[in-house]
Amino acid sequence: MKTRVINSKEEITAVDQKAEIVHLTFKPHNTDILTLIIQYPQIKALQISSSHHKTMSNYVKKCLEIRGVKLLECDM
């Protein structure tokens, strides 16, 4: 699987259409995550730091679940 690392919200629009796993190095807002999964329906997993995972809204977590996108935590 191809992984894409995104360092800023400006890079969200430049995600490769073949990317299946996206790693966010910045603290995403709910709209950033929703934009990402709407624009790129091929994404299978989203990886964020565990501290950002704790602050993510339940609404966004549910949207990821509905779309079949796995939420992966990493220690940064």
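Residues numbered from 1 in each chain as written. Predicted model: local features only at pLDDT ≥ 70, side-chain atom pairs only at ≥ 80, totals over all residues. Heavy atoms only, no water.

Colleague: Let's hear about the overall build of the protein: which residues, and what values?
Modeller: In terms of regular secondary structure, the protein is built from 3 helices and 4 strands. Its helices and strands in sequence order give the protein the pattern β-β-α-β-α-α-β, from N to C terminus. Relative to the compact-globule value of 11 Å for 76 residues, the protein shows a C-alpha radius of gyration of 11 Å, a close match. With the principal axes as the frame, the protein shows a C-alpha extent of 30 × 25 × 20 Å. Sequence separation of at least 24 residues holds for 48% of the intrachain contacts in the protein that already meet a minimum separation of 6. Surface exposure of the protein reaches about 4600 Å², of which carbon and sulfur atoms provide 52%. Charged side chains in the protein number 11 positive and 8 negative. The centres of these two groups are separated by 4 Å. (Helix = DSSP H or I, 4+ residues; strand = E, 2+ residues; numbered from the N terminus. Rg over C-alpha atoms; globule rule 2.2 N^0.38 Å. Contact = heavy atoms within 4.5 Å. Areas by Shrake-Rupley, 256 points an atom, 1.4 Å probe, with all protein chains shown as cover. Lys, Arg positive; Asp, Glu negative; His and termini not counted. Charge placed at Lys NZ, Arg CZ, Asp CG, Glu CD.)

Colleague: Please set out the nonpolar core residue by residue, giving values where relevant.
Modeller: Residues I6, V22, L24, I33, L36, L46 and L64 are the most contacted members of the largest nonpolar core, which totals 19 residues. The set of elements that each furnish at least two residues to this core consists of β2 (21-24), α1 (30-39), β3 (45-49) and α3 (58-67). Aside from chain neighbours lying at most four places away, what touches L64 is I33, I37, L46, M56, V69 and L71. (Core = buried A, V, L, I, M, F, W, Y, C linked by side-chain atoms within 4.5 Å. Buried < 20%, exposed > 50% of the residue type's maximum accessible area, 1.4 Å probe, protein only.)

Colleague: Go over α1 with me, naming the residues and quoting the values.
Modeller: Looking only at α1, the buried set comprises D32, I33, L36 and I37. Buried residues along α1 cover an arc of 120° about the axis, so they all sit on one side. Along α1, exposed side chains directed more than 90 degrees from the buried face belong to T31 and I38. Considering only its buried residues, α1 is in contact with β1 (3-6), β2, β3 and α3. (Arc of directions from axis to C-beta.)

Taken by themselves, the reported measurements are silent on function.
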